[in-house]
Amino acid sequence: MNFLLRLKHWKLFLLVFGFPALSFPVTLIGLLMNSDPIYYIGLIVSSSAWVFLVFWLKESGNYLYEQLDAELTIGSNQKLFNFNLYFVLFYSTLLILYFMVPENDTFNKVYSFAIFPMHLYSMYSLFYAIYFVSKHLTMTEGKSGKFENFLGYFFMLWFYPIGIWTIQPKINQLVNR
């Protein structure tokens, strides 16, 4: 997945935002026409873009972590970072299955009970990933890892359709040096 770090910003934008935006009308048409195959195609295209975004965060965070000296990474937990992103993918898969399985199925009854704590942890996981990547990007630029130094990157990653245009060229620069 290292190719995600080498993509130009506009290609990454199309991959994680452009194609899902185009697949949304397909999903909506499939839903309105009560056509399961069209609905599932739109859902899969949107989901694959989400997978690319999560793997871009994972690869970015791991690459930036490895670029720093050991004494700078004290307090950073790369294993927790990776676990959290895998959890987000696991939860997203369960969420998609929840919408694909018939309503009176046992899976939906069990999942409905577990959705709230899993959703809260998934939200925490995404915020931790954004925090991790933005902090390590700031530290690779030679600044300290204080929150006020990476606050801008944090919000750019949170609003990734805008932030990709600024952050990906910086990551490209780091990868190509």
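Owing to the predicted nature of the structure, the values given are computational and were not obtained by experimental measurement.

**Some details on the pattern of salt bridges**
- All told, the structure shown has 3 salt bridges when counted by the stated rule.
- A salt bridge links K58 to E59, with the shortest nitrogen-to-oxygen separation between them at 3.5 Å.
- Among the ionic pairs, E141 bridges to K170, the shortest N-O distance being 3.6 Å. Taken together, the positions of E141 in the loop between α5 (106-140) and α6 (147-158) and K170 in helix α7 (residues 160-176) put the pair 29 residues apart, joining distant regions of the chain.
- Taking the relative accessible area as the measure of exposure, K170 reaches 27% and is therefore partly exposed.
- Salt bridges linked by common partners bring E141, K143 and K170 together as one network.

**Focus on the side chain of S125**
- With respect to the helices, strands and loops of the structure, S125 is situated in helix α5.
- Not counting residues within four places of it along the chain, the set of residues in contact with S125 comprises N84, F87 and V88.

**Section: the nonpolar core**
- Ranked by size, the top nonpolar core spans 33 residues in total, and within it W56, L57, F81, L137, L157, I167 and I171 carry the most contacts.
- Every element with two or more residues in this core is listed here: α1 (3-6), α2 (9-32), α3 (36-67), α4 (78-100), α5, α6 and α7.
- Among the elements that line this core, the one with the most residues is α3, at 8 residues.
- Not counting residues within four places of it along the chain, the set of residues in contact with F81 comprises L57, K58, G61, N62, Y128, A129, F132 and V133.
- Core analysis: the second largest hydrophobic core is formed by 5 residues, F87, L94, Y111 and M118 among them.

**What to know about α7**
- Across its 17 residues, α7 extends 22 Å between first and last C-alpha, which sits within 8% of the 24 Å expected from 1.5 Å per residue.
- Largest kink in α7: about 35°, centred on T166, with the proline P169 one to four residues after it.
- Listed in full, the buried residues belonging to α7 are G163, I164, I167, Q168, I171, N172, L174 and V175.

**A few points about the side chain of N172**
- Secondary-structure assignment places N172 in helix α7.
- A distance of 2.6 Å separates a polar atom in the side chain of N172 from the backbone oxygen of L5.

**Focus: the packing of α6 against α7**
- At a minimum axis distance of 6 Å, the contact between α6 and α7 shows a crossing angle of 125°. In this view, α6 runs oblique relative to α7, as classed from their interaxial angle. Across the interface between the two elements, Y153, M156, L157 and W158 from α6 touch Y160, G163, T166, I167 and K170 from α7.
- Split into classes, the residues belonging to the contact of α6 with α7 amount to 6 nonpolar, 2 polar and 1 charged.

**Remarks on a nonpolar patch on the surface**
- A grouping of F116, L120, M123, F127, F147, L151, F155, W158, F159 and I162 is seen on the molecular surface, where their side chains present a nonpolar patch of about 980 Å² in accessible area.
- At the level of secondary structure, the elements contributing two or more residues to the nonpolar patch comprise α5 and α6.
- With respect to the helices, strands and loops of the structure, L120 is situated in helix α5.
- The partly exposed category is assigned to L120, whose relative accessible area is 42%.

Rules and cut-offs
- Residues numbered from 1 in each chain as written.
- Predicted model: local features only at pLDDT ≥ 70, side-chain atom pairs only at ≥ 80, totals over all residues.
- Heavy atoms only, no water.
- Salt bridge = Lys/Arg side-chain N within 4 Å of Asp/Glu carboxyl O.
- Helix = DSSP H or I, 4+ residues; strand = E, 2+ residues; numbered from the N terminus.
- Buried < 20%, exposed > 50% of the residue type's maximum accessible area, 1.4 Å probe, protein only.
- Contact = heavy atoms within 4.5 Å.
- Core = buried A, V, L, I, M, F, W, Y, C linked by side-chain atoms within 4.5 Å.
- Expected span 1.5 Å × (residues − 1).
- Bend = angle between axes of the 7 residues up to and from the residue.
- Polar contact = N/O pair within 3.5 Å; in protein donor to acceptor, adjacent residues only side chain to side chain.
- Axes fitted to C-alpha atoms, helices over the stretch in contact; angles between N-to-C directions.
- Parallel < 35°, antiparallel > 145°, perpendicular 65-115°, else oblique.
- Nonpolar A, V, L, I, M, F, W, Y, C, P; charged D, E, K, R; others polar.
- Patch = residues over 30% accessible without salt bridge, like charges linked within 9 Å, V, L, I, M, F, W, Y side chains within 5 Å.
- Areas by Shrake-Rupley, 256 points an atom, 1.4 Å probe, with all protein chains shown as cover.

Fair warning: the whole summary comes from geometry, so function is off the table for now.
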